[in-house]
Amino acid sequence: MAESTVLVYGTNLAGYRAAYALAKIGYKTILLNRGAYVDQYRNQALAQLPLDFCWICGHMPQRLFIGLGAMEVHYNAQILEVNGEPGNFVVRFKKRDPYVNNFACTECSACVTACPIEVETPSGKRKAIYEIPYIGWENVYLIDDKNCTKCGKCEEVCPTKCLKVDRPVEEKEVKVGAIILATEYEEPLDEDLKKFGYGHPNVVKNSDLARRSLLTNFVRNSLIRPSDGKLAQKIAVILTPQYNPKEFESYNLSVSCVYRAYRIKEVYPEANVKMFFREFKGYGKGHYQWLEKALSKGVELARADDLEVIGKGENLVVKYSLYGKAYEEEFEMVILVTGQRAPSVMEELRKVLKVEPDEFGFCKVDPFTSGKTSVEGIFAVGELTGPKGNPEIVWEGYGVVSEVLKYLGEPNFAPQPPPPFREVRGEPPKVGVFICSCFGEFNNYIDLERLKSKVSEIPGVTHVDVVKGCCTPPTMQEVAQKIKESGVNRVVLAVCTILQKLLRFRRVVMMAGLNPLLSEFLRLREDVIRVHEDRDKMLEKAYALIYGGVEKVKRAVAYATPVGKIKTGVIVLGGGPAGLEVARLLAENKVPVFLVEKSKELGGLAKTLTRDLEGHNIRDHLAELIRTVEENERIKVFKGFELVEFTGTAGNYYALIENKESHEKVFLEAGAVVLAVGGVEFKPYGAYYYGEDDRVLTQRELEEAISKDAVKAKKVVMIQCVGSRNETRPYCSRVCCSHALKNALALVEKGVEVTILYRDLNTYGFKENYKKIAEESGIKFIRFGKDKYPQVISRDPLTVKVETTSGDELTLNADLLVLSVGIIPNPDNERLAKLLNFRLDEYGFFDSDANACPYEEAIKRIMKPFELSTKGIFAVGLAHSPRSYTEAILTAKDAVGKILTFIRKPQLPAPNAMYVSAVKEFKCTGCGMCVVVCPYYARSIDKGRKIATVTPYLCDSCGACLVACPSEAAYLRDARGEMMVPYIDALLM
Amino acid sequence: MNEAKEKFEPKLVGFLCYWCSYTAADLAGISRLKYPPNIRIIRVMCSSRVDPVFIIKALLDGADGVLVAGCKPGDCHYQKGNYYARRKVALTKKILESLGLEPGRVMLSWIPASEAPKFAEVVKEFTERVRELGPNPIKRSSFS
């Protein structure tokens with residue numbers, strides 16, 4: 001019998017995302033955090049904070065999952081020994097519980113008040129025990145071991161006994177089915193940054209700057225120099241991994257650098273900003289435009305070959321070489337955009353788990369898999385396996401789920417169903433008000449007894465009580481018991497932060513047998529006690545807030561949680577590598593698939609590829625993939641078919657596909673749709689005599705010729721960025737530079753002389769290594785400017801003239817001229833977008849909230865429910881954006897992970913349970929306004945009855961439909977207009 | 001006369017969106033920032049939930065000022081909700097003007113979740129602004 005729990009070691013985003021997806025599918029996870037608190041070891045997004053974006057609460061929902069029992073977290077943890085085999089691993093680890101058990105902590109801060117030790121820090125005075133306030137997350141109380149005397153006074157005053165100054169190290173043994181290694185991003189050591197002046201007070205890391213700006217936004221004052229408090233006017237922004245062999249460049253850094261420079265100019269237009277980097281490696285959607293934005297705002301750029309930073313008093317001097325000449329420039333402040341170093345944790349992982357590192361010191365993973373290490377059953381995800389971007393990290397999180405499932409037993413987790421609710425229909429509303437005193441703390445600020453007596457006179461209130469607490473297991477039981485005994489059928493809780501404790505308060509109401517829709521929670525602590533000083537005014541305000549709550553719940557109605565049926569099949573449009581991988585993985589997980597391919601053959605654009613830059617055999621992998629799909633009984637393959645009609649909502653789609661030759665029509669039903677329709681190679685007709693001269697080829701055509709051994713040329717010239725990163729197609733196609741290198745290296749082996757003319761060499765991550773190998777093997781690299789593309793000046797012999805960025809004019813003879821062209825969207829995308837009512841981005845590829853790139857901008861668009869936020873339609877592979885074979889496979893695995901979180905369930909409840917919107921059918925006129933405004937596409941017009949309907953599992957109760965509705969037909973079950981208006985009136989007491 | 005104005009304590013209603021401004025107020029509480037107690041808040045999931053009827057009712061039934069706070073443009077948790085709120089508040093202000101109400105009594109503010117000091121600032125500023133304007137002339141009656 002295989003175990004069902006999964007062990008996640010480390011706190012990078014991929015690990016969290018995997019734990020979250022596994023919990024949704026029904027599997028428990030044990031998360032081992034090496035740090036003492038939730039983000040002591042920072043993962044990549046937290047370490048870099050590119051685009052100044054945090055939103056960690058959005059994608060690390062650990063508190064919720066711990067509360068539900070799906071996730072067990074241990075702190076100060078380290079794996080000691082692993083035995084067994086995949087499906088039945090026995091893991092022994094050590095851990096030390098944090099001083100304060102967050103789950104039982106009420107944040108009363110009595111411990112801080114009682115602590116006798118005061119400590120001076122750069123940001124002010126604090127006690128030896130102190131709080132790190134996080135928003136929407138758990139507040140963390142930490143003890144400063146250096147200054148703590150272990151007097152134990154804090155432990156004495158803690159009302160819930162969650163604080164213990166003596167926490168012993170413990171060892172634990174667990175049985176798990178699989179292990180996911182997800183250790184965190186490691187920033188370069190301070191000494192490795194010395195050549196950039198780090199150590200000088202006015203040299204700051206971009207990540208520190210971004211973290212500081214989280215609370216205030218990046219403003220002019222963020223540029224105050226640490227040494228003298230002066231506002232820096234002349235600022236350098238340096239992309240250090242391009243000049244430091246000890247650092248690896250994770251993919252977003254080019255954009256982080258450019259973004260920082262742009263933002264400086266935005267908040268401080270008079271500043272003089274200069275960026276230093278050799279190549280702009282921004283290949284994601286919108287990345288190239290960031291560079292253009294910065295340059296047009298007046299930011300300067302020096303593509304220095306090498307540089308060094310030296311302190312000069314309070315200022316700094318950047319010494320750099322550019323096109324062979326040496327320069328020096330003085331700056332008032334230097335911002336370092338730093339990369340990552342090889343994980344130091346690899347040594348421990350190798351010893352204990354036997355996973356092998358690769359040549360760069362990262363964890364080695366098998367190609368075309370999502371994190372498969374050298375040990376079966378152990379997976380490595382995220383920044384542990386190599387430098388990558390934030391989107392890739394999150395995709396790997398979902399991707400590894402689709403691979404891990406086969407090692408696990410039956411699902412072992414399901415959220416507890418709520419206890420049965422008492423039927424209150426027909427009863428007159430009887431409101432019970434329960435005022436929390438936070439273990440007596442609140443009595444120091446406000447007269448709770450007087451408040452209680454005032455509240456008891458509000459009409460409709462039949463019971464008022466002051467309770468000790470409402471958020472720890474014993475106090476929750478107590479309050480639930482009191483509610484039950486009082487016989488009330490509506491509840492108002494005057495408590496504290498509902499952002500962090502919402503589920504606990506709801507649970508209290510449910511334990512008392514009442515539907516939580518019949519309750520309202522008010523923030524007595526954050527809205528009254530902590531922010532005001534006048535006792536009388538505080539009492540008045542508390543009374544008004546409670547009165548408002550009472551009026552609201554008096555009119556509350558209990559509704560059941562709506563559920564919606566969902567279909568099990570998945571339609572995959574497109575039989576290229578991404579589509580095939582989706583089909584294969586879904587079928588492996590018992591989901592029926594309909595694969596619809598336009599042409600007569602499977603394989604897509606990858607059919608003509610042989611190997612990738614790293615030497616992995618694409619041809620064999622693709623052949624195996626096609627064979628697996630064609631032989632699988634769960635996958636129905638339709639070759640020569642196209643989608644012609646489509647209707648439905650997420651979870652319930654109806655499609656009609658037609659064979660273009662035989663006109664056979666097939667009707668399909670599915671719960672989700674995967675868009676794997678691919679892209680097309682840009683054909684540069686008209687440029688460089690392409691199409692007119694046999695000696696001018698694209699890289700794909702060259703690859704075919706090489707594989708057939710048909711290249712007789714002695715001299716080959718390659719031109720990069722033909723038709724890319726210009727006005728018409730302002731984006732980078734990501735694969736062209738690697739493709740050129742791959743072909744160039746193959747040619748050089750045959751003794752061919754190769755020259756590559758380029759604007760930016762986009763060799764990202766480990767591919768950077770291949771550029772070095774290329775230079776060492778004699779391949780020449782010549783750079784030209786954006787507005788000075790090379791020209792063909794003669795066809796006999798074929799001669800190319802190029803003006804380099806250093807001003808030299810070169811003439812090159814060529815036997816073959818190879819053009820590196822980009823990938824353009826499939827011309828059918830517009831028709832499909834209309835048919836599926838799915839957006840296209842500005843370049844013509846499918847836009848996808850859940851998959852958007854750069855991830856930083858996507859976070860703002862990712863909403864709950866994550867997986868269904870794009871209507872259950874997933875764009876993968878080239879349909880989403882240009883990428884390589886391996887990367888297309890990754891997006892496919894990510895889509896499968898997302899789909900598996902909902903597809904096998906026969907019905908889905910609303911993500912917010914019963915708190916969703918609904919329609920008063922007799923008032924609805926079917927005007928469709930609500931359909932237009934809904935950000936989740938949760939509303940649609942029922943064509944038969946001509947009124948609006950809500951798909952419950954898509955609604956997230958924002959309320960936009962209510963306000964849009966001209967007939968008052970839309971309502972939110974917990975915030976109906978009839979409840980809100982008396983609420984407002986009572987508030988104005 | 002001035003003394004009477006100084007003693008005037010405006011009654012303010014604030015509609016805060018759960019994901020940004022309500023969170024900012026939460027953080028303000030955690031950080032123990034102080035601001036005037038005149039504001040009484042109502043939580044809505046999104047600023048787009050704020051019906052113009054709420055604003056008008058509040059002003060007719062005893063409020064001297066109404067604050068609607070949402071996420072920064074582009075940051076709305078539900079994508080476009082705050083844009084809908086912006087239009088509704090602008091429309092409401094126009095209608096209220098025709099009723100003879102000073103536009104300064106209705107305020108729309110974008111307060112990101114992490115900016116607790118901004119929340120306190122906005123409340124302070126709004127309270128003082130409405131205090132200057134004096135009691136609301138279209139108040140019909142208070143609820144007592």
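Reference entry: report on the structure contained in this document. (Residues numbered from 1 in each chain as written. Chains lettered and ligands numbered in written order. Predicted model: local features only at pLDDT ≥ 70, side-chain atom pairs only at ≥ 80, totals over all residues. Heavy atoms only, no water.)

Topic: the overall build of chain B
Rule in force here: Put simply, DSSP marks the helices as runs of H or I at least four residues long and the strands as runs of E at least two long, and each gets a number from the N terminus on. Throughout, the radius of gyration refers to the C-alpha atoms, and the reference size of a globule is 2.2 Å times the residue count to the power 0.38. Using a 1.4 Å probe, the Shrake-Rupley method yields the accessible areas, and only the shown protein chains count as cover for residues. When charges are counted, neither His nor the chain ends are considered; positive counts come from Lys and Arg and negative counts from Asp and Glu. Positions of charges follow a simple convention, taking NZ of Lys, CZ of Arg, CG of Asp or CD of Glu.
From N to C terminus, chain B includes five helices and four strands. Mapped from its N terminus to its C terminus, chain B presents α and β elements in the order α-β-α-β-α-β-α-β-α. The globule rule puts the C-alpha radius of gyration for 144 residues at 15 Å, and the 15 Å found for chain B is close to it. Overall size of chain B, expressed as C-alpha extent along the three principal axes, is 45 × 35 × 25 Å. Counting only carbon and sulfur atoms, one obtains 56% of the accessible surface of chain B, whose full area is about 5,700 Å². Across chain B, the mean location of the 23 positive side-chain charges is 6 Å away from that of the 15 negative side-chain charges.

Details of helix 1 (residues 13-25) of chain A
Spacing of three or four residues puts side chains on the same side of an α-helix, whose turn is 3.6 residues. Residues and elements named next belong to chain A. Rule in force here: Any helix carries an expected span of 1.5 Å times its number of residues minus one. Residue exposure (1.4 Å probe, protein chains only): buried if accessible area is under 20% of the type maximum, exposed if over 50%, otherwise partly exposed. Nitrogen and oxygen atoms within 3.5 Å of one another constitute a polar contact, given that in protein one can donate a hydrogen and the other can accept it, and given that sequence-neighbouring residues count only through two side-chain atoms.
For helix 1, spanning 13 residues, the distance from its first C-alpha to its last is 18 Å, which sits close to the expected 18 Å at 1.5 Å a residue. Extensive coverage of helix 1 is indicated by the burial of twelve of its 13 residues. Of the residues making up helix 1, those classed as buried are Leu13, Ala14, Gly15, Tyr16, Arg17, Ala18, Ala19, Tyr20, Ala21, Leu22, Ala23 and Ile25. A side-chain oxygen of the first residue of helix 1 lies 3.0 Å from the backbone nitrogen of Ala14; this N-cap is Asn12.

Notes on helix 21 (residues 768-776) of chain A
Residues and elements named next belong to chain A. As a reminder, the rule being used: The directions from the helix axis to the C-beta atoms are what the arc is built from. Here, two residues are considered to be in contact whenever any of their heavy atoms come within 4.5 Å of each other.
Turning to helix 21, its buried residues are Tyr770, Lys771 and Ala774. One face of helix 21 carries all of its buried residues, which in axial projection span an arc of 105°. Lining the buried residues of helix 21 we find helix 20 (736-749) and strand 37 (780-783). Looking at the residues trailing helix 21, positive phi occurs at Gly778, about 100°.

Description of the pattern of salt bridges
All names here are of chain A. Worth spelling out the cut-off: Any Lys or Arg side-chain nitrogen found within 4 Å of a carboxyl oxygen on Asp or Glu counts as a salt bridge.
Within this structure, the stated rule accounts for 85 salt bridges over all chains. Of the charged contacts in the structure, one is a salt bridge between Asp144 and Arg126, with a shortest N-O distance of 3.2 Å. Here Asp144, found in the loop between strand 9 (140-143) and helix 6 (153-157), pairs with Arg126, found in strand 7 (residues 124-127); they are 18 residues apart in sequence, far enough to count as distant. Residue classification places Asp144 among the buried positions, given a relative accessible area of 13%. For the salt bridge of Lys230 with Glu332, the shortest nitrogen-to-oxygen distance reads 3.6 Å. Here Lys230 is found in the loop between helix 7 (206-213) and strand 13 (234-239), whereas its partner Glu332 is found in the loop between strand 18 (325-331) and strand 19 (333-337), with 102 residues between them in sequence. Three or more residues joined by partner-sharing salt bridges are found here, namely Glu279, Arg303, Arg725, Asp760, Lys771, Glu775 and Arg783.

Notes on a nonpolar patch on the surface
Test applied: What goes into a patch is any residue over 30% in relative accessible area without a salt bridge, connected to like charges within 9 Å or, for nonpolar side chains (Val, Leu, Ile, Met, Phe, Trp, Tyr), within 5 Å.
On the surface, Leu64, Leu68 and Leu503 of chain A cluster together to form a nonpolar patch covering roughly 240 Å² of accessible area. Position of Leu68 of chain A relative to the elements: it lies in helix 4 (residues 62-68).

Here's the deal with the interface of chain A and chain B
Basically, it comes down to this: Summed over both partners, the accessible area (1.4 Å probe) lost when two parts come together is defined as the buried area. Under this grouping Gly is polar, as are all residues other than the nonpolar Ala, Val, Leu, Ile, Met, Phe, Trp, Tyr, Cys and Pro and the charged Asp, Glu, Lys and Arg.
With 60 residues of chain A at the contact, the number on the chain B side is 54 residues. Counting each side, the surface lost to burial between chain A and chain B is near 5,100 Å², with a carbon and sulfur contribution of 59%. Area buried by chain A at its contact with chain B is led by Arg530, Val963 and Leu988 of chain A, which between them contribute 14% of it. Our enumeration of links across chain A and chain B arrives at four salt bridges. Arg40 of chain B is the salt-bridge partner of Glu540 of chain A, the closest N and O atoms lying 3.4 Å from each other. Joining chain A to chain B, the criterion identifies 13 residue pairs in polar contact (both at pLDDT 80 or more). For the side of chain A that touches chain B, the secondary-structure elements that each account for two or more residues are helix 14 (498-511), strand 24 (519-523), helix 15 (524-529), helix 16 (535-554), helix 25 (929-933), helix 26 (960-964) and helix 27 (977-987) of chain A. Here the element with the most residues in the side of chain A that touches chain B is helix 27 of chain A; it accounts for eight residues. Residues of the side of chain A that touches chain B, tallied by class, amount to 34 nonpolar, ten polar and 16 charged.

Here we look at the pairing of strand 26 (residues 570-573) of chain A
Residue and element names in this part refer to chain A. Keep this limit in mind: One requirement defines pairing of two strands: DSSP has to find at least two bridges between them.
The alternating pattern of strand 26 places Val570 and Val572 on one face and Ile571 and Leu573 on the opposite face, and all of these are buried. Relative to strand 27 (residues 593-597), strand 26 runs parallel, the two being bridged by four bridges. Bridging from a neighbouring strand, Leu573 pairs with Val596 of strand 27. With four bridges connecting them, strand 26 and strand 32 (residues 672-675) associate as parallel partners. Considered in strand 32, the bridge of Leu573 is made with Leu675.

Points about the packing of helix 12 (residues 448-455) of chain A against helix 16 of chain A
Residue and element names in this part refer to chain A. Worth spelling out the cut-off: Each axis is a line fitted through C-alpha atoms, and for a helix only the stretch in contact is used; angles between axes span 0 to 180 degrees, taken between their N-to-C directions. Each crossing is labelled by how the near helix is turned from the far one, with a counterclockwise turn of less than a right angle marking it left-handed and a clockwise turn marking it right-handed.
With their axes 10 Å apart at the nearest point, helix 12 and helix 16 run at an angle of 35° to one another. Crossing of helix 12 against helix 16: the hand is right-handed. Residues Arg450, Leu451, Lys454 and Val455 of helix 12 touch helix 16, and the partners they reach there are Asp536, Leu539, Ala542, Tyr543 and Ile546. Taken together, the residues of the contact of helix 12 with helix 16 break down into six nonpolar, no polar and three charged.

A few points about the packing of aromatic side chains
As a reminder, the rule being used: Between the rings of Phe, Tyr and Trp (Trp by its six-membered ring), a pair exists once the centres lie within 6.5 Å; its type follows the angle of the planes, with under 30 degrees stacked, over 60 edge-to-face, and the other angles tilted.
One pass over the full model with this rule turns up 33 aromatic pairs over all chains. Between the aromatic rings of Tyr758 of chain A and Phe781 of chain A, the centroid separation amounts to 6.2 Å while the plane-to-plane angle is 80°, which identifies the pairing as edge-to-face. Taken together, the positions of Tyr758 of chain A in strand 36 (residues 753-758) and Phe781 of chain A in strand 37 put the pair 23 residues apart, joining distant regions of the chain. When sorted by exposure, Tyr758 of chain A lands in the same class as Phe781 of chain A, which is buried. Ring geometry for Phe15 of chain B versus Phe54 of chain B: centroids 6.0 Å apart, planes at 20°, classification stacked. Of this pair, Phe15 of chain B sits in strand 1 (residues 12-17) while Phe54 of chain B is found in helix 3 (residues 52-60), placing the two residues 39 residues apart along the sequence. Taking the relative accessible area as the measure of exposure, Phe54 of chain B reaches 2% and is therefore buried.

Quick notes on the environment of Asn88 of chain A
All names here are of chain A. Turning to its location among the elements, Asn88 is positioned in strand 5 (residues 88-96). Looking at Asn88, the relative accessible area reads 31%, which means it is partly exposed. Considered as a pair, Asn88 and Met1 are 87 residues apart in the sequence and their alpha carbons are 8.2 Å apart. Side-chain polar atoms of Asn88 contact the backbone oxygen of Met1, separated by 3.2 Å.

As for the sheet that holds strand 11 (residues 178-181) of chain A
Residues and elements named next belong to chain A. Spatially, 3-2-1-11-20 is the arrangement adopted by the five strands of the open sheet, whose pairing is parallel. Here the strands that pair on one side only, and so sit at the sheet edges, are strand 3 (71-74) and strand 20 (378-380). Shown here is a sheet whose adjacent strand axes are inclined to one another by a mean of 20°, direction ignored. Strands in contact with helix 1 are strand 1 (6-9), strand 2 (29-32), strand 3 and strand 11; relative to strand 2, the strand with the most contacts, it is inclined by about 160°. In this fold helix 10 (residues 346-353) packs onto strand 1, strand 11 and strand 20, with an angle of close to 165° to the strand it touches most, strand 11.

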